Amino acid sequence: MRIVLGLEYDGSRFRGWQTQPDRSGVQDALEHALAIVAGTPVRCICAGRTDAGVHATAQVVHFDAPYPRPLSAWTRGLNALLPSTVGVTWARAVSDGFHARFDALERTYRYILLPRHERPGLLHGRVGWWHGSLDVDAMRAAAQAILGTHDFSAFRAAQCQSRSPVRVLRRLDINEEGPFVVFEFAANAFLHHMVRNLVGSLVYVGAARKPTHWLSELLAGRDRRWAAPTFAPDGLYLTAVAYPAELSLPPTPVCAPLPPSCA
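In this text, all values refer to a predicted model and were calculated from it rather than measured experimentally. (Residues numbered from 1 in each chain as written. Predicted model: local features only at pLDDT ≥ 70, side-chain atom pairs only at ≥ 80, totals over all residues. Heavy atoms only, no water.)

### Thoughts on the overall build of the chain
Our working rule: What counts as a helix is a DSSP run of H or I of at least four residues, what counts as a strand is a run of E of at least two, and both are numbered from the N terminus. C-alpha atoms define the radius of gyration, and 2.2 Å times the number of residues to the power 0.38 defines the globule rule. The buried label goes to any residue with under 20% of its type's maximum accessible area, the exposed label to any with over 50%, and the partly exposed label to all in between, with areas taken from a 1.4 Å probe on protein chains only. Accessible surface is estimated by sampling points in the Shrake-Rupley manner with a 1.4 Å probe; for residues, cover comes only from the protein chains shown.
Counting its secondary structure elements, the chain contains 5 helices and 10 strands. Whereas a compact globule of 263 residues would reach a radius of gyration of roughly 18 Å, the chain reaches 19 Å, a difference of no more than 12%. C-alpha extents for the chain along the principal axes are approximately 60 × 40 × 35 Å. Taking all 263 residues of the chain together, 55% fall into the buried category. Counting every atom, the chain has about 12,200 Å² of accessible surface; 52% of that belongs to carbon and sulfur.

Put into structure tokens, the structure is as follows:
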């Protein structure tokens, strides 16, 4: 029986989603718990691999259960075995043809940034930080150039394994919420480090280090070396994965909860 899970986790204590030789990936923690509940090793596949330090409120994972188990075994049972920073939020039985990655229509990421001169202490690992104020209107203007279907090579990590750099960025919202600047990206899929690289370049525009038309030039140049440095993973959250309606999977929230105000 194929089972699909909703998963949330604090990525600050993990070296990303993917299994690691030292067993420090979120996948390692989940597969360890799955093996205990299932009584045999179980491999799982996620909707989107998150980097080290990146969080998720709505990761989606599928696996093949070797033996029948009530769905509560895949929620309460797993949660009793998982680290406190990882939680299963729901479980469903699906057809054997379901694939958490390939059936996903869209992913949404949220980046929460604190722009102030003093670095955060209490929110370390939970928000990104920029050491000064930002012009949100300038960033919004710059963002218009990257919406739609583009070759995002300028915002792609050198180690990215995707066959094509072309992605469809369907939405990019930039809003001020209390002391935070919140970026929300929705696309059919993302390249390795794509969101963090986009945030870094948008911040350069917001800090008046670059003009608003700079992102358009970066897209056209397709050269990662000319873009801003990769931004820290701390404030990045995978917040939603959309699937065809006929699959009847539970809806996922499209935003990560904001931390308490630290103005």
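### Thoughts on helix 1 (residues 26-38)
Worth spelling out the cut-off: Expected span, for any helix, means 1.5 Å times one less than how many residues it has. Here a residue-residue contact requires only that any non-hydrogen atoms of the pair lie within 4.5 Å.
Here helix 1 is 13 residues long and its end C-alpha atoms lie 18 Å apart, about the 18 Å a rise of 1.5 Å per residue gives. For helix 1, a buried count of 10 out of 13 residues is recorded, marking the element as mostly surrounded by other parts of the structure. Buried within helix 1 are the following residues: Val 26, Gln 27, Asp 28, Ala 29, Leu 30, Glu 31, Ala 33, Leu 34, Val 37 and Ala 38. Packed against the buried residues of helix 1 are strand 1 (2-9), strand 2 (44-46), strand 3 (55-64) and helix 2 (76-81). Just beyond helix 1, the residue with positive phi is Gly 39, at close to 80 degrees.

### A look at the nonpolar core
Keep this limit in mind: We define the nonpolar core as a collection of buried residues of types Ala, Val, Leu, Ile, Met, Phe, Trp, Tyr and Cys that are connected through side-chain atoms lying within 4.5 Å of one another.
Core analysis: the largest hydrophobic core is formed by 80 residues, its most contacted members being Leu 30, Trp 74, Leu 78, Phe 183, Phe 185 and Leu 202. With 8 residues, helix 4 (residues 194-206) is the single largest residue contributor to this core. Membership of the second largest hydrophobic core comes to 7 residues, among which are Ile 112, Val 127, Phe 180 and Val 182.

### A closer look at helix 3 (residues 136-143)
What counts here: Think of the arc as the fan of directions from the helix axis to the C-beta atoms.
Of all the residues in helix 3, the buried ones are Val 136, Ala 138, Met 139, Ala 142 and Ala 143. All buried residues of helix 3 lie within an arc of 160 degrees about the axis, which places them on one face of the element. As for helix 3, its buried residues are in contact with strand 8 (166-177), strand 9 (180-187), helix 4 and helix 5 (214-221).

### As for the pattern of salt bridges
Pairing is possible between side chains of opposite charge, provided their charged atoms come close. Note the cut-off: Here a salt bridge means any side-chain nitrogen of Lys or Arg lying within 4 Å of a carboxyl oxygen belonging to Asp or Glu.
On inspection of all chains with the given rule, the structure shows 13 salt bridges. Notably, a salt bridge pairs Glu 106 with Arg 170, separated by 3.3 Å at the nearest N-O pair. Here the residue Glu 106 occupies a position in strand 5 (residues 106-115), and Arg 170 occupies one in strand 8, the gap between them amounting to 64 residues. Residue Glu 106 is classed as partly exposed on the basis of its relative accessible area, which comes to 23%. Between Glu 184 and Arg 171 there is a salt bridge, with the nearest N and O atoms lying 3.2 Å from each other. Separated by 13 residues along the polypeptide, Glu 184 in strand 9 and Arg 171 in strand 8 bring together distant segments of the chain. The class for Arg 171 is partly exposed, based on a relative accessible area of 25%. Each of Arg 110, Arg 171, Asp 173, Glu 177 and Glu 184 takes part in a single network of salt bridges with overlapping partners.

### Some details on the pairing of strand 5
Where we set the bar: Criterion used throughout: strands pair if DSSP finds at least two bridges between them.
Counting buried positions along strand 5 gives 9 out of 10 residues, so the element sits mostly inside the fold. Of the pairings in the sheet, the one linking strand 5 to strand 10 (residues 236-242) comprises 6 bridges and is antiparallel in character. Each residue of the ladder has a partner; that of Thr 108, found in strand 10, is Ala 240. Where strand 5 meets strand 9, 7 bridges bridge the pair, whose relative direction is antiparallel. Looking across to strand 9, one finds that Leu 113 is bridged to Val 181. Bridge analysis of strand 5 against strand 6 (residues 128-130) gives 3 bridges, and the strand direction is parallel. Bridge pairing in strand 6 links Pro 115 to Trp 130.

### Things to note about the packing of helix 3 against helix 4
Cut-off, in case you're wondering: Each axis is a line fitted through C-alpha atoms, taken for helices only over the stretch in contact, and angles between the N-to-C directions span 0 to 180 degrees. Each angle receives one of four descriptions, namely roughly parallel if under 35 degrees, roughly antiparallel if over 145, roughly perpendicular if within 65 to 115, and oblique otherwise. In this scheme the crossing of two helices becomes right-handed for a clockwise turn of the near helix relative to the far one and left-handed for an anticlockwise turn of less than a right angle. The nonpolar class holds Ala, Val, Leu, Ile, Met, Phe, Trp, Tyr, Cys and Pro. Asp, Glu, Lys and Arg form the charged class, and all remaining residues, Gly among them, are polar.
Relative to each other, helix 3 and helix 4 sit at 130 degrees, their axes nearing to 8 Å. In terms of orientation, helix 3 and helix 4 fall into the oblique class. Note that helix 3 runs across helix 4; the crossing there is right-handed. Contacts from Ala 138, Met 139, Ala 142 and Ala 143 of helix 3 reach helix 4 at Leu 202, Val 203, Val 205 and Gly 206. Across the contact of helix 3 with helix 4, the residue classes tally to 7 nonpolar, 1 polar and no charged.

### So, unusual backbone geometry
For His 193, which is not glycine, the phi torsion reads 65 degrees and is therefore positive. Mapped onto the secondary structure, His 193 falls in the loop between strand 9 and helix 4. We classify His 193 as buried; its relative accessible area is 17%. The backbone of Ala 208 shows a phi angle near 65 degrees, a positive value even though the residue is not glycine. For Ala 208, the location among the structural elements is in the loop between helix 4 and helix 5. Judged by its relative accessible area of 67%, Ala 208 is exposed.

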